[in-house]
Structure formats: C-alpha cells, structure tokens
Amino acid sequence: MRIAVLISGRGSNLKALIDACAAEDFPADIGLVLSNRPNASGLLHAEEAGIPHKVIDHKEFKTREEFDAVLHRTLEDAEIELACNAGFMRILTDDFVNRWRDRMLNIHPSLLPAFKGLHVHQRAIDAGVRISGATVHFVRPEMDEGPIVAQAAVPVLPDDTADVLAERILAAEHKLYPFALRLVAEGKARVADERVVISDGIPDAPAPIFMPPLG
Ligand code: GAR
C-alpha cells in the first residue's frame, strides 16, 4: 500500500513509520511526506531516507477549503492510497475528510475518547487517571474521533509531569503506529458500523497494545 505521512513538527512518529516500512515484509511504502509547516524538523527524516517530501504552507492560503483542495490534489497526484497523520496539527474541512473516509489514519496521545484536543498529558494528570496511552484511528470530521484501529496503554505515575508522561506515551506511539498501519495495509482492519473489526491472522500485539475483537 502506498501511503503518505502528514506532519507539522518533530516527526518522531514519521521516523518510526519510515523504519517500519524499510523492512522488506512490511506491507506499506511511503510515497510522500507532507508538512503544512516549512520549518518542520521532521522533514529531515524524509530527506535522510530519500523519500519525496513537500511543504504545503497553510499560511499561503486564504481559506481552509483552498488548502485542503491542494492537499487533496497533491495526494491524488502521488497516487496515495492511505494518508497517515503523524503530529499533523491542522483541522481539515468536512469535505476533505469525507473524500478520505477510511483512507486516513491519525495518532493521538490519549486513550480516546478520553482527552481529545490539546494539552492532553496535563489534562490526564489533572484528572488523576492511572492509565493513559495512545490511539490510532480512522479520521472523521469531528476532531480526534473515528473508528479505533488499536490502542496502547501506559501507566500514569504519581510524580509524572506532562513532559515525562508525554515521553512515556511517545515511546508507545512508536510501536503502536507501525502495528496499526500493518493491520490496515494488509486489509485486516476494516470499518463496519463505525467500528474497526479485525479479520483472521492478527500479528501478535507487542505489549502494551490492545486489539479490537476478531470480526
Ligand atoms: C505525538 O504525540 C502525536 O500523538 C501528537 O503529536 C505528537 C507528534 O509528535 N498528535 C496529536 O496530538 C494529534 N491530535 P511527532 O511529531 O514526534 O510524531
């Protein structure tokens, strides 16, 4: 499966996906890396790996519709089958999301549907939750919503700061995203009634990843 990875910043999840896709038996290839910010340091990972990369600077567009139209055309021109948002901090129009329905994934650093949006780690600490984690899900028009492919859980420890918790969750994200992408790229994860069901032959989930039921 030919995928694009969409980033806005550091791109550590992009790097995890680049490393996963480098394995010969991995069922996806990165055809394009896109950033909406010209100075996103994650672009260097694409550069180093020799992967085509482009900036579509959202500041150069008057409206979200215009930005999304160029984003859509760029993905189509590159013959992308699946877009993977990895720290892509941009609200997309409903029209765009509907065109990429079940063809766009996102990773979010919480156990959705808890803690959507921003400042996720501090909010988890403030709420006193004992477990947090990360979620890979198909994108829907509502922010941080959509059928869940897989989740990884991590403990929230008494002395955690937002930064410490973010680092622990990020390490789990780097295992979770390649794992979830593999399921989707192999056609084993499909959406039925707005939930993801997994068909037979699931690879063993590395702890602490949790899977949807077989369907
Ligand atoms: C990751 O923690 C990702 O889950 C989060 O941004 C970070 C990007 O890091 N995404 C969101 O909060 C989306 N709602 P990275 O650029 O190093 O991959």
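In what follows, the structure referred to is the one given above.
What you see is a predicted model, and the numbers here were worked out from it, not measured in a lab.

Calculation notes
Residues numbered from 1 in each chain as written. Predicted model: local features only at pLDDT ≥ 70, side-chain atom pairs only at ≥ 80, totals over all residues. Heavy atoms only, no water. Near = heavy atom within 4 Å. Polar contact = N/O pair within 3.5 Å; in protein donor to acceptor, adjacent residues only side chain to side chain. Areas by Shrake-Rupley, 256 points an atom, 1.4 Å probe, with all protein chains shown as cover. 1 Å grid on protein atoms, 1.4 Å probe; cavity = no way out; pocket = protein on both sides within 12 Å on 5 of 7 lines; lining within 4 Å. Sits in = over half its atoms within 2 Å of the grid points. Helix = DSSP H or I, 4+ residues; strand = E, 2+ residues; numbered from the N terminus. Pairing = 2+ DSSP bridges. Axes fitted to C-alpha atoms, helices over the stretch in contact; angles between N-to-C directions. Parallel < 35°, antiparallel > 145°, perpendicular 65-115°, else oblique. Left-handed = near helix turned anticlockwise from the far one by under 90°. Contact = heavy atoms within 4.5 Å. Nonpolar A, V, L, I, M, F, W, Y, C, P; charged D, E, K, R; others polar. Buried < 20%, exposed > 50% of the residue type's maximum accessible area, 1.4 Å probe, protein only. Points joined across faces, edges and corners; volume = space filled by probe spheres on them. Core = buried A, V, L, I, M, F, W, Y, C linked by side-chain atoms within 4.5 Å.

**Let's talk about the site of the ligand**
Part 1 of the argument: The environment of the ligand is made up of Arg10, Gly11, Ser12, Asn13, Gly87, Met89, Ile107, His108, Pro109, Asp144, Leu170 and Glu173.
Part 2 of the argument: His108 places a side-chain nitrogen or oxygen 3.0 Å from a nitrogen atom of the ligand.
Part 3 of the argument: Asp144 places a polar side-chain atom, nitrogen or oxygen, 3.5 Å from a nitrogen atom of the ligand.
Part 4 of the argument: Contact with the protein chains removes 87% of the 450 Å² of surface that the ligand exposes when unbound.
Part 5 of the argument: More than half of the atoms belonging to the ligand lie within 2 Å of the grid points that define the largest pocket.
Part 6 of the argument: Residue assignment for the shell around the ligand shows that the elements contributing at least two residues are helix 1 (12-22), strand 5 (104-108) and helix 6 (162-185).

**Structural notes on the pairing of strand 9 (residues 195-198)**
Part 1 of the argument: Across four bridges, the pairing between strand 8 (residues 189-192) and strand 9 is antiparallel. Note on strand 9: the bridge partner recorded for Arg190 is Val197.
Part 2 of the argument: Remark: two residues form the turn of the hairpin made by strand 8 and strand 9, two consecutive strands paired antiparallel; Asp193 in that turn has positive phi of roughly 50°.

**Regarding the packing of helix 5 (residues 120-127) against helix 6**
Part 1 of the argument: Contact geometry of helix 5 with helix 6 gives a least axis separation of 8 Å together with a crossing angle of 110°. With respect to helix 6, the axis of helix 5 lies roughly perpendicular. Judged by the twist between their axes, the crossing of helix 5 over helix 6 is right-handed. From helix 5, His121, Gln122, Ala124 and Ile125 reach across to helix 6, where they touch Ala162, Leu165, Ala166 and Ile169.
Part 2 of the argument: Residues of the contact of helix 5 with helix 6, tallied by class, amount to six nonpolar, two polar and no charged.

**Remarks on unusual backbone geometry**
Part 1 of the argument: The residue after Leu112, namely Pro113, is reached through a cis peptide bond having omega 15°.
Part 2 of the argument: Considering the arrangement of structural elements, one finds Pro113 in the loop between strand 5 and helix 5.
Part 3 of the argument: Its identity as a non-glycine residue notwithstanding, Phe115 has a phi of 55°, on the positive side.
Part 4 of the argument: Looking at the secondary structure, you find Phe115 in the loop between strand 5 and helix 5.
Part 5 of the argument: Even without glycine at this site, Asp144 takes up a positive phi of about 55°.
Part 6 of the argument: Examined against the element boundaries, Asp144 turns out to sit in the loop between strand 6 (131-138) and strand 7 (148-155).

**Notes on the environment of Arg101**
Part 1 of the argument: The residue Arg101 is located in the loop between helix 4 (94-99) and strand 5 in this model.
Part 2 of the argument: Looking at Arg101, the relative accessible area reads 38%, which means it is partly exposed.
Part 3 of the argument: Placed 37 residues apart in sequence, Arg101 and Phe138 show a C-alpha to C-alpha distance of 7.7 Å.
Part 4 of the argument: Contacts of Arg101, omitting those with residues within four sequence positions, involve Arg140 and Glu194.

**Topic: helix 1**
One turn of an α-helix holds 3.6 residues; hence residues three or four places apart share an orientation.
Part 1 of the argument: The buried count for helix 1 comes to eight of eleven residues, which makes it a mostly enclosed element.
Part 2 of the argument: Of all the residues in helix 1, the buried ones are Ser12, Asn13, Leu14, Ala16, Leu17, Ile18, Ala20 and Cys21.
Part 3 of the argument: Considering only its buried residues, helix 1 is in contact with strand 1 (2-7), strand 2 (29-35), helix 2 (43-49), strand 4 (82-85), strand 5 and helix 6.

**A closer look at the layout of surface pockets**
Part 1 of the argument: In this model, the largest pocket occupies a volume close to 920 Å³.
Part 2 of the argument: Lining the largest pocket are 36 residues, with Gly87, Phe88, Met89, Ile107 and His108 positioned closest to its centre.
Part 3 of the argument: If you list the elements that add at least two residues to the lining of the largest pocket, you get helix 1, strand 5, helix 5 and helix 6.
Part 4 of the argument: Residue composition of the lining of the largest pocket, grouped by class: 16 nonpolar, 13 polar and seven charged.

**Some thoughts on the nonpolar core**
In summary, soluble globular proteins display a tendency toward joint burial of nonpolar side chains.
Part 1 of the argument: Core analysis: the biggest nonpolar cluster contains 47 residues, and Ile30, Leu105, Val149 and Leu181 have the highest contact counts within it.
Part 2 of the argument: Per-element accounting of this core gives the leading share, eleven residues, to helix 6.
Part 3 of the argument: When neighbours within four sequence positions are excluded, Ile30 is seen to be in contact with Ile3, Val5, Leu17, Ile18, Cys21 and Ile51.
Part 4 of the argument: Counting 18 residues, the second largest nonpolar core, distinct from the first, contains Ala4, Leu34, Ile80 and Phe88.

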